[in-house]
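The primary structure of each chain is shown beneath.
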Amino acid sequence: METYQYTIHELQKKLAGQEISARELTETVFARISAVDDKVNAYLILDKNKAMDQAAAADKLLADKKGGPLCGIPLSIKDVLCTKGLRTTAGSKILENFIPPYDAAVIEKLRAAGAVIIGKVSMDEFAMGSSNENCAYGAPHNPWNLDYICGGSSGGSAASVAADECIASLGSDTGGSIRQPGSHCSVVGLKPTYGRVSRFGLLAYASSLDQIGPLTRDVTDCAIMLNVISGYDRRDSTSVDRPVPDYPAALKPGLNGMTVGIPTEYFAEGLNPEVNEAVLNGIDKLREAGAEIVEVSLPHTEYGVAAYYIIAPAEASSNLSRYDGVRFGYRSPEADSLLDMYNKTRSQGFGEEVKRRIIIGTYALSSGYYDAYYKKASQVRTLIIEDYKKVFSQCDVLVSPVSPVPAWQLGEMVDDPLSMYLSDALTIPANLAGIPAISVPCGFSSAGLPIGLQIQAGHFEEEKLLKAAFNLESALDIKGRKPDIA
Ligand code: GLN
């Protein structure tokens with residue numbers, strides 16, 4: 001195995017034992033990026049000089065036995081998180097030259113833990129999409145088959161972990177954007193409870209849904225990363241002041257006493273048979289580990305997509321109004337009046353999907369339509385929350401597929417946004433309810449494309465998620481499998 005292929009917890013030992021230095025590790029990761037990123041296209045920008053400085057600083061701390069949990073670990077970061085002094089585009093032309101003057105809260109936490117930030121990775125523009133093809137700078141390719149999408153919107157994060165171009169990554173999830181690319185690239189992806197992780201410095205898409213979370217090679221790394229990024233931050237008014245448990249300590253073998261609910265509605269028509277089979281096999285493994293399996297019902301699941309595609313665009317139409325060419329970001333050079341400047345800047349700066357959502361969102365919020373759309377969608381959201389409340393009195397966690405289908409070919413759905421929206425049906429409800437959910441690799445299709453299994457739990461019950469995920473991972477022979485990037 002190559003150095004850049006290890007997990008965080010394996011590297012922690014190697015670095016602490018001085019078997020390898022943070023500088024050597026960081027060099028090997030950059031060499032790996034040079035070798036494969038022209039095919040994978042995960043990175044939007046690299047920051048080698050600063051990364052090597054961070055690695056050198058990490059080596060000093062390691063020598064003094066003072067390193068934090070991520071000391072010397074090279075990470076990639078979704079380009080939606082502000083990194084001080086390092087360009088942050090959100091995958092958009094409108095932020096082509098934006099250099100943030102401050103770090104996002106999670107970036108501060110990563111740095112304090114000793115992490116080495118090697119660069120920013122691709123994403124759908126403003127996190128709107130499920131294939132990463134809505135990026136102004138080209139789409140990344142799935143490391144398991146370069147003709148396929150790697151999922152979205154955190155596609156660059158998932159691809160960079162799967163292609164061994166970093167050790168782990170941070171992404172964001174508004175309707176599935178960590179879990180779905182995790183599933184398509186065979187990496188672990190966790191969306192924490194709403195309020196668990198500060199979004200200060202996250203470029204907002206839909207503020208009542210957005211959460212930041214890790215994409216990692218295994219469940220243990222996921223728990224380590226979650227520990228580092230969680231916690232109260234007064235700069236995010238939705239941040240919840242509640243102690244951060246020791247997540248890695250939750251990873252114990254055996255699921256005796258845990259009840260796993262299987263929601264009927266998640267195994268409905270349209271579910272790919274190979275996905276179904278891989279998930280059912282995963283459920284068997286949970287049963288063998290001691291879990292009790294029960295069937296449950298979340299009757300309003302089918303309305304999730306419709307509610308989401310009102311609520312998210314409505315919030316986006318408001319959040320994205322700040323990109324007007326006045327204070328920062330792109331400004332059209334052709335305008336001859338203030339109004340013309342707004343018009344041209346936003347027409348030229350935003351891509352098709354972003355404009356579509358701003359238009360839908362503005363319409364849904366406009367007077368006369370508000371009750372019919374936004375208010376109705378909010379009521380549906382409440383029904384979905386009530387469904388979960390009932391179900392979590394019957395079981396500890398819910399198990400289902402992440403995506404109804406494995407990854408599709410690049411280009412296959414670009415002209416069919418509605419089909420793409422429908423592919424989010426199984427991940428959106430967790431965002432609407434604010435509950436945590438994880439995607440764990442559980443198999444491969446006959447074409448060799450990864451399949452993920454989703455576990456959801458009640459608010460702030462990440463430990464249950466991680467424990468179930470850990471037991472699944474231990475029972476399956478998938479972890480450590482690597483794509484052959486021809
Ligand atoms: N695919 C969904 C969308 O297009 C979810 C995106 C996300 O979670 N950021 O909005």
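Residues numbered from 1 in each chain as written. Predicted model: local features only at pLDDT ≥ 70, side-chain atom pairs only at ≥ 80, totals over all residues. Heavy atoms only, no water.

Asker: Can you tell me about the overall build of the protein chain, naming the residues and giving the values?
Answerer: Across its full length, the protein chain carries 15 helices and eleven strands. Scaling as 2.2 N^0.38, a compact globule of 486 residues should have a C-alpha radius of gyration of about 23 Å, and the protein chain matches this with 21 Å. Principal-axis analysis of the C-alpha atoms gives the protein chain an extent of 65 × 55 × 45 Å. Within the protein chain, buried positions represent 61% of all 486 residues. Considering only contacts within the protein chain whose residues lie at least 6 apart along the sequence, 76% involve residues at least 24 apart. Element-wise, carbon and sulfur atoms account for 51% of the exposed surface of the protein chain, whose accessible area totals about 18000 Å². Distance between charge centroids for the protein chain: 6 Å, based on 46 positive and 59 negative side chains. (Helix = DSSP H or I, 4+ residues; strand = E, 2+ residues; numbered from the N terminus. Rg over C-alpha atoms; globule rule 2.2 N^0.38 Å. Buried < 20%, exposed > 50% of the residue type's maximum accessible area, 1.4 Å probe, protein only. Contact = heavy atoms within 4.5 Å. Areas by Shrake-Rupley, 256 points an atom, 1.4 Å probe, with all protein chains shown as cover. Lys, Arg positive; Asp, Glu negative; His and termini not counted. Charge placed at Lys NZ, Arg CZ, Asp CG, Glu CD.)

Asker: Explain the nonpolar core to me, using residue names and the numbers behind them.
Answerer: Within the largest apolar cluster, 143 residues are counted, with the highest numbers of intra-cluster contacts made by Leu70, Leu81, Leu110, Phe126, Ile438 and Ile455. Ranked by the residues each element gives to this core, the list is headed by helix H9 (residues 304-319), at nine residues. Isoleucine 438 has contacts with Arg179, Val188, Gly189, Leu190, Cys222, Leu453, Gln454, Ile455, Leu465, Leu466 and Ala469, leaving out every residue within four places of it along the chain. Listed in part, the seven residues of the second largest apolar core include Tyr148, Ala407, Met413 and Leu449. (Core = buried A, V, L, I, M, F, W, Y, C linked by side-chain atoms within 4.5 Å.)

Asker: Requested: an account of unusual backbone geometry, with residues and values cited.
Answerer: The linkage connecting glycine 152 with the following residue, serine 153, adopts the cis geometry, with an omega of 5°. Turning to its location among the elements, serine 153 is positioned in the loop between strand E3 (116-121) and helix H5 (155-162). In this model, phenylalanine 126 sits at a positive phi of 50°, which is unusual for a non-glycine residue. As for its position among the elements, phenylalanine 126 is in the loop between E3 and H5. Residue classification places phenylalanine 126 among the buried positions, given a relative accessible area of 1%. Of note in the backbone geometry, serine 186 takes a positive phi value of approximately 60° without being a glycine. If you trace the backbone, serine 186 turns up in the loop between helix H6 (179-185) and strand E5 (188-191). A residue is classified by how much of its surface remains accessible, and serine 186, at 14% relative accessible area, is buried.

Asker: Account for the packing of aromatic side chains, naming residues and giving values.
Answerer: On inspection of all chains with the given rule, the structure shows 14 aromatic pairs. Centroid distance phenylalanine 98 to phenylalanine 328: 5.5 Å. Interplanar angle 35°. Geometry classified as tilted. Linking phenylalanine 98 in the loop between strand E2 (74-78) and helix H4 (105-112) with phenylalanine 328 in the loop between H9 and helix H10 (338-349), this pair joins segments that are 230 residues apart in sequence. Overall, the relative accessible area of 14% leaves phenylalanine 98 in the buried class. Residue classification places phenylalanine 328 among the partly exposed positions, given a relative accessible area of 29%. One residue, lysine 14, lies across the ring of tyrosine 6, its end atom 4.6 Å from the ring centre. Its guanidinium or amino end placed over the ring of tyrosine 137, arginine 87 lies 5.8 Å from that ring's centre, counting from NZ or CZ. (Phe/Tyr/Trp six-rings, centres within 6.5 Å; stacked < 30°, edge-to-face > 60°. Lys NZ or Arg CZ within 6 Å of the ring centre and 35° of its normal.)

Asker: Go over the site of the ligand, please, and point to the residues and values.
Answerer: Taken together, 15 residues lie around the ligand, and Thr174, Gly175, Ser177, Tyr308 and Arg357 are the ones closest in. In the model, an oxygen atom of the ligand is placed 3.0 Å from a nitrogen or oxygen of the tyrosine 205 side chain. With respect to the ligand, the side chain of tyrosine 308 contributes an N or O atom lying 2.6 Å from an oxygen atom. Burial of the ligand by the protein chains amounts to 99% of its free accessible area of 290 Å². (Near = heavy atom within 4 Å. Polar contact = N/O pair within 3.5 Å; in protein donor to acceptor, adjacent residues only side chain to side chain.)

Asker: Can you lay out the packing of H9 against helix H11 (residues 352-365) for me, pointing to particular residues and giving the numbers?
Answerer: Packing of H9 against H11 brings their axes to within 7 Å, and their N-to-C directions diverge by 100°. One finds that H9 runs roughly perpendicular with respect to H11. From H9, Tyr309, Ile310, Pro313, Ala314 and Ser317 reach across to H11, where they touch Arg357, Ile358, Ile360, Gly361, Thr362, Ala364 and Leu365. Taken together, the residues of the contact of H9 with H11 break down into eight nonpolar, three polar and one charged. (Axes fitted to C-alpha atoms, helices over the stretch in contact; angles between N-to-C directions. Parallel < 35°, antiparallel > 145°, perpendicular 65-115°, else oblique. Nonpolar A, V, L, I, M, F, W, Y, C, P; charged D, E, K, R; others polar.)

Asker: Before we move on, can you summarise the pattern of salt bridges with the specific residues and values?
Answerer: Summed over the entire model, instances satisfying the criterion amount to 19 salt bridges. One salt bridge connects lysine 389 with glutamate 386, and the closest N-O pair in it is separated by 3.6 Å. With a gap of three residues between them, lysine 389 and glutamate 386 both fall in helix H12 (residues 371-391), about one helical turn apart. According to the relative accessible area criterion, glutamate 386 is partly exposed, its value standing at 34%. Through salt bridges with shared partners, a single network forms among Glu108, Asp233 and Arg235. (Salt bridge = Lys/Arg side-chain N within 4 Å of Asp/Glu carboxyl O.)

Asker: So what about the sheet that holds E5? Which residues, and what values?
Answerer: Taken in spatial order, the eleven strands line up as E1-E3-E2-E4-E6-E5-E10-E11-E9-E7-E8 in an open sheet, and their pairing is mixed. The open sheet has two free edges, formed respectively by strand E1 (43-46) and strand E8 (292-296), since each of these has just one partner strand. On average, adjacent strands in this sheet sit at an angle of 30° to one another, irrespective of strand direction. The pairing of E1 with E3 spans three bridges and is classified as antiparallel. Bridging across to E3, leucine 46 finds its partner in glycine 119. Of the strands in this sheet, E1, E2 and E3 are in contact with helix H2 (residues 22-40), which crosses E3 at around 20°. Contacting E1 and E3, helix H3 (residues 48-63) runs over the sheet at an angle of about 155° to E3. (Pairing = 2+ DSSP bridges.)

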